[in-house]
Amino acid sequence: MEDNKVVLITGGTRGIGKSIAEKFAKEGYNLVLNYVSDNTQVKELEDYFKNFGIEVLIVKADVSKYEECENMVKQAIDKFSKIDVLVNNAGITKDGLIAMMKEDSFNKVIDVNLKGTFNVTRNVVPYMIKKKSGNIVNISSVVGIAGNAGQTNYSASKAGIIGFTKSLAKELSARSIRVNAVAPGFIDTDMTNVLSDKVKESIYSQIPLKRMGNADEVANVVYFLSNEESSYVTGQVINVDGGMVM
Ligand code: NAP
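One structure accompanies this document, and this report is about it.

Cut-off values and rules
Residues numbered from 1 in each chain as written. Predicted model: local features only at pLDDT ≥ 70, side-chain atom pairs only at ≥ 80, totals over all residues. Heavy atoms only, no water. Helix = DSSP H or I, 4+ residues; strand = E, 2+ residues; numbered from the N terminus. Rg over C-alpha atoms; globule rule 2.2 N^0.38 Å. Buried < 20%, exposed > 50% of the residue type's maximum accessible area, 1.4 Å probe, protein only. Contact = heavy atoms within 4.5 Å. Areas by Shrake-Rupley, 256 points an atom, 1.4 Å probe, with all protein chains shown as cover. Lys, Arg positive; Asp, Glu negative; His and termini not counted. Charge placed at Lys NZ, Arg CZ, Asp CG, Glu CD. Salt bridge = Lys/Arg side-chain N within 4 Å of Asp/Glu carboxyl O. Near = heavy atom within 4 Å. Polar contact = N/O pair within 3.5 Å; in protein donor to acceptor, adjacent residues only side chain to side chain. Pairing = 2+ DSSP bridges.

Focus on the overall build of the chain
Across its full length, the chain holds 9 helices and 7 strands. Relative to the globule expectation of 18 Å for 246 residues, the C-alpha radius of gyration of the chain, 17 Å, shows essentially globular dimensions. Structurally, the chain occupies a C-alpha span of about 50 × 40 × 35 Å along its principal axes. Per-residue burial over the chain gives 49% buried out of 246 residues. The long-range share in the chain, meaning contacts at least 24 apart out of those at least 6 apart in sequence, stands at 74%. Summed over its atoms, the accessible surface of the chain is roughly 12100 Å², and 50% of this surface lies on carbon and sulfur atoms. Side chains of the chain give 29 positive and 29 negative charges; the mean places of these two sets differ by 4 Å.

What about unusual backbone geometry?
The backbone of S81 sits at a positive phi, close to 70°, despite the residue not being glycine. Inspection of the secondary structure puts S81 in the loop between α3 (66-80) and β4 (85-88). Residue S81 is classed as exposed on the basis of its relative accessible area, which comes to 59%. Positive phi values are uncommon outside glycine, yet K132 reaches one of about 50°. Structurally, K132 is set in the loop between α4 (103-131) and β5 (134-139). Residue K132 is classed as exposed on the basis of its relative accessible area of 58%.

A closer look at the pattern of salt bridges
Using the criterion set out here, one finds 10 salt bridges in the structure. As a salt-bridge pair, K65 and D62 come within 3.4 Å of each other at their nearest N and O atoms. For K65, a relative accessible area of 42% gives the class partly exposed. Its salt-bridge partner being K82, residue D84 comes within 3.3 Å of it at the nearest N-O pair. Residue D84 is classed as buried on the basis of its relative accessible area, which comes to 10%.

Remarks on helix α9 (residues 215-225)
Inspection of α9 places A215, V218, A219, V221, V222, Y223 and L225 among the buried residues, and these make up the whole buried set. Close packing links the buried residues of α9 with α1 (15-26), β4, β5, β6 (177-184) and β7 (237-240).

Some remarks on the site of the ligand
Around the ligand lies a shell of 30 residues, among which R14, S37, N89, Y154 and T189 are the nearest. Separating an oxygen atom of the ligand from a backbone N or O atom of G11 is a distance of 3.3 Å. Alone, the ligand offers 900 Å² of accessible surface; in the complex the protein occludes 95% of this. Put simply, the parts of the chain that give the shell around the ligand at least two residues each are α1, β2 (30-35), α6 (152-172) and α7 (190-193).

Considerations on the side chain of Q151
Residue position: Q151 is located in the loop between α5 (143-146) and α6. With relative accessibility at 9%, the residue Q151 sits in the buried group.

Concerning the pairing of β4
Side chains on a regular strand alternate between the two faces of the sheet. Side chains of β4 alternate between two faces, with V85 and V87 and L86 and N88 buried alike. Of the strand pairs in this sheet, strand β1 (residues 6-9) and β4 are connected by 3 bridges, and their pairing is parallel. Across the sheet, the residue bridging to V7 is V85, located in β4. Of the strand pairs in this sheet, β4 and β5 are connected by 4 bridges, and their pairing is parallel. Across the sheet, the residue bridging to V87 is V137, located in β5.

Thoughts on the side chain of D241
Inspection of the secondary structure assignment puts D241 in the segment after β7. We note that D241 is buried and unpaired, the nearest opposite charge coming from R211 at a distance of 10 Å. Excluding anything up to four places from it in sequence, D241 contacts V142, G185 and I207.

Here it is, written out as structure tokens:
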């Protein structure tokens, strides 16, 4: 297990992040999983993932806080000596129309989604540069491309992630580090379960495949972008959205 590759997944204990963790675990990666809330069953999750025959480190850290990210990456390096793949997945929504949106709702979403992506990446990249290899996959959203009423904060954060991804891909290509983004559409997780059936139905009508996606369908694309199968792909945004945005 010491020779296994290592993936760090932020927000990796539920939703899309957990599916990504399961995909990498099945492929034999050791896992560093991050979460922020108090109610995560850390011991149960550790046991669950160890059943895949891999090692796992679960770290509580708020990605919007730089020092907590620095400390998380240090713990990962202390345990595994390297990080081969970084998946910046942690994200939140605080939806509202602009005329009603509180400044705090704007700041919080930018801080977690966009600044959080910087905070973790900034601390991981020096280790990837040192070993001249690595893969980074950032989770954006189709609303970062197409926009969505009621989500100025969220779509700005997700559009920011796309710019960040492309700039970083250009910066790091000479070091054999690839950087890509995945833009999910409407995926069945806690984040979308808050929507009413009426809202869900109206969204389905805008999706050519006429259904929500599931988290495993996102995880498969993240895994593809993280290994040699995609060796000539960098700086790209791949939509996983049932054709919602073309
Ligand atoms: P989710 O079920 O709400 O899970 C969000 C994850 O992010 C949780 O693991 C949560 O940790 C973690 N997180 C939130 N704030 C954090 C912070 N400050 N520090 C560290 N971790 C934090 O969401 P999801 O649907 O799986 O979404 C995952 C990613 O996909 C997000 O970036 C989201 O924007 C993006 N996305 C989702 C959809 C969709 O339809 N679901 C569509 C497009 C893009 P705790 O468990 O500790 O709270």
